[in-house]
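Each chain is listed here by its residues.
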Amino acid sequence: MNPRVTVIGLGYVGLPTAALLASRGMAVQGVDSNPAVRATLAEGRIHITEADVEALLERALRAGLFTLHAQPPPADVFIIAVPTPLGEDHAPMLGHVLDATRALAPALRPGNLVLLESTSPIGTTARIAALLAELRPELTDLAIAYGPERVLPGRILTELVENDRVAGGLTPEATQRAQDFYRLFVRGEVVGTDAATAEMVKLAENAFRDVNIAFANELSLIADAQGLDVWRVIEIANRHPRVQILRPGPGVGGHCIAVDPWFLAHAAPDAARLIPAARAVDAAKRAAVLDAASAICAGGERLICLGLTFKADVDDLRESPALDIAAELARRHPGQVVLVEPHLRAAPPGLTAPLVSLEEALAGPGALLVLTDHAAFRRIPRAQRAGRRILDTRGIFRDEESP
Ligand SMILES: NC(=O)c1ccc[n+]([C@@H]2O[C@H](COP(=O)([O-])OP(=O)(O)OC[C@H]3O[C@@H](n4cnc5c(N)ncnc54)[C@H](O)[C@@H]3O)[C@@H](O)[C@H]2O)c1
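Because the structure is predicted, anything quoted here is derived from the model rather than measured.

1. With respect to the pattern of salt bridges
Then comes step 1: The full count for this structure, using the stated rule, is 21 salt bridges.
Then comes step 2: Between Arg 45 and Glu 43 there is a salt bridge, with the nearest N and O atoms lying 2.6 Å from each other.
Then comes step 3: The class for Arg 45 is partly exposed, based on a relative accessible area of 43%.
Then comes step 4: With a relative accessible area of 55%, Glu 43 lands in the exposed category.

As structure tokens, this is what we get:
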């Protein structure tokens, strides 16, 4: 029989998961502490941008397989998918996870499975177990495990099913129970391990991306200092059979890769040297882009900032280097900067430069600062770029220019 599932935290991870489980016939009870989120979802609309989730939600609501709650109701399986932001000194803040744990404690029944899916520092699953043991000491047969997400925004529903997944229990039985549950909807392999290993796996994945992007960005800074084209250097170096250098950019964004490496570094500050160094390279790259663009403005030129989101063809501004750089340029050079972001209808609050359409921006003079590699920018005709100074942090205009 299908398990009844309570999902706590209905954001980018929790909502698609809840909708997918309901589409597989499970009765899903969605819990979110934000009443506005609950109200939106109750109307069959979604508050995140993610393809096909709204259609699944609507169907689940109509079938009576998805209900909304302020407090967790009893279930067979509890999934915690609340935020885990960074606090002071880059320390992970576990307040939401611990609040969710306290909230679900009264709903627990013997033999329940509790799955933590929030990206978490090593030891968090054990902390949840200790808190539950304090709150519900009579429940000695709970199965508690960590089951992190590796989904890519924009492809979440597909990746929830197709990606391999790790399930790490606090006991071998909990690992098995978590694997059995994920196998109900995951087509990829569900790899079993212990909870702490699973926690470190998730952090290692995002730190890997961060360190490797920092390497590409450091190469771009060195190449600039040497007057060399970093894109050509990387293109040729990647012909080595065991070399795969990533693409440079204006810095790393999004709420995962720019954040999670700190969870690892924080766990063992004396051992973690490369991870904080990668974060420092990221800051240096952002500063270098800012200085180069600022120098153009200092010469009196108008500057057209192309892109504010953290990556191509999405509307996500979280930890976006493009947004930070554009905001600072607008502040430093009032009246000289215009912003183009085809994925936003209005400028984010606090920006002091106007948001204009691409056509409007290109109708006038001005240097181009490419901050995001949106498809719309790749299509800017050569004629509209001719004669302008171009700072292309994403290398989007390079391919056609290479010899
Ligand atoms: N977004 C991604 O692509 C992604 C990928 C992998 C892992 N993660 C991790 O998953 C976790 C959740 O991320 P997200 O992007 O879904 O966050 P989100 O901000 O999109 O959504 C979180 C939701 O949880 C709710 N919430 C907060 N505290 C709560 C509480 N105590 N009880 C009930 N609801 C609560 C918020 O109102 C919000 O709607 C984070 O740890 C994140 O790092 C995210």
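Next, the rest of the story.
2. Focus: the site of the ligand
Then comes step 1: Near the ligand lie 25 residues; those nearest to it are Tyr 12, Val 13, Asp 32, Thr 84 and Thr 119.
Then comes step 2: One of the side-chain N or O atoms of His 255 is found 3.1 Å from a nitrogen atom in the ligand.
Then comes step 3: About the coverage of the ligand: the protein hides 88% of its 830 Å² of free accessible area.
Then comes step 4: Ranked by residues supplied to the shell around the ligand, first place goes to helix 4 (residues 95-104) with three residues.
Then comes step 5: When grouped by side-chain class, the residues that make up the shell around the ligand number eleven nonpolar, nine polar and five charged.
Then comes step 6: Both domain 1 (5-188) and domain 2 (205-401) contribute no fewer than three residues apiece to the shell around the ligand.

3. Section: the nonpolar core
Then comes step 1: In this structure, Leu 115 and Phe 181 are the most contacted members of the largest nonpolar core, which totals 39 residues.
Then comes step 2: Top contributing element to this core by residue count: helix 1 (residues 14-23), with six residues.
Then comes step 3: In terms of nonpolar packing, the next biggest core, distinct from the first, is built from 26 residues, Phe 78, Ala 129, Leu 142 and Ile 144 among them.

4. Some points on the environment of Ser 120
Then comes step 1: Tracing the backbone through its elements, the reader meets Ser 120 in the loop between strand 5 (113-116) and helix 5 (124-135).
Then comes step 2: Ser 120 gets classed as buried once you look at its relative accessible area, which sits at 0%.
Then comes step 3: The sequence separation of Ser 120 and Pro 3 amounts to 117 residues, and the corresponding C-alpha distance is 25 Å.
Then comes step 4: Residue contacts for Ser 120: discarding those within four places in its chain leaves Thr 84, Tyr 146, Glu 199, Leu 203 and Phe 263.
Then comes step 5: A distance of 2.8 Å separates the side chain of Ser 120 from the backbone oxygen of Ser 118, its partner in a polar contact.

Cut-offs applied
Starting from 1, residues in each chain are numbered consecutively following that chain's sequence as written. With pLDDT at 70 or above as the cut-off, local features in this predicted model cover only qualifying residues; side-chain atom pairs require 80 or more to be listed or tallied, and sums for whole chains, interfaces and linings still use all residues. Processing note: side-chain calculations cover all non-hydrogen atoms of the structure and skip hydrogens and water entirely. What counts as a salt bridge is simple: a side-chain nitrogen of Lys or Arg found within 4 Å of a carboxyl oxygen of Asp or Glu. Per-residue accessibility, obtained with a 1.4 Å probe over protein chains only, is compared with the maximum for each type, and a residue is labelled buried under 20%, exposed over 50%, and partly exposed between these values. One heavy atom within 4 Å of a molecule or strand makes the whole residue count as near it. Throughout this description, a polar contact denotes any pair of N or O atoms lying within 3.5 Å of each other; where both atoms belong to protein, one of them has to be capable of donating a hydrogen while the other can accept it, and for residues adjacent in sequence the pair is counted only when both atoms sit in side chains. Here the open area of atoms and residues is found with the Shrake-Rupley method and a 1.4 Å probe, where only the protein chains shown may cover a residue. Elements are defined by DSSP. Helices are runs of H or I of four residues or more, strands are runs of E of two residues or more, and each kind is numbered from the N terminus. Just so you know the grouping, Ala, Val, Leu, Ile, Met, Phe, Trp, Tyr, Cys and Pro go in nonpolar, Asp, Glu, Lys and Arg go in charged, and all remaining residues, Gly too, go in polar. Residue ranges for the domains trace back to a domain assignment, done automatically or taken from a database. In these notes, a set of buried Ala, Val, Leu, Ile, Met, Phe, Trp, Tyr and Cys residues joined through side-chain atoms within 4.5 Å is what counts as a nonpolar core. Throughout, a contact is declared for two residues whenever any of their heavy atoms are within 4.5 Å.

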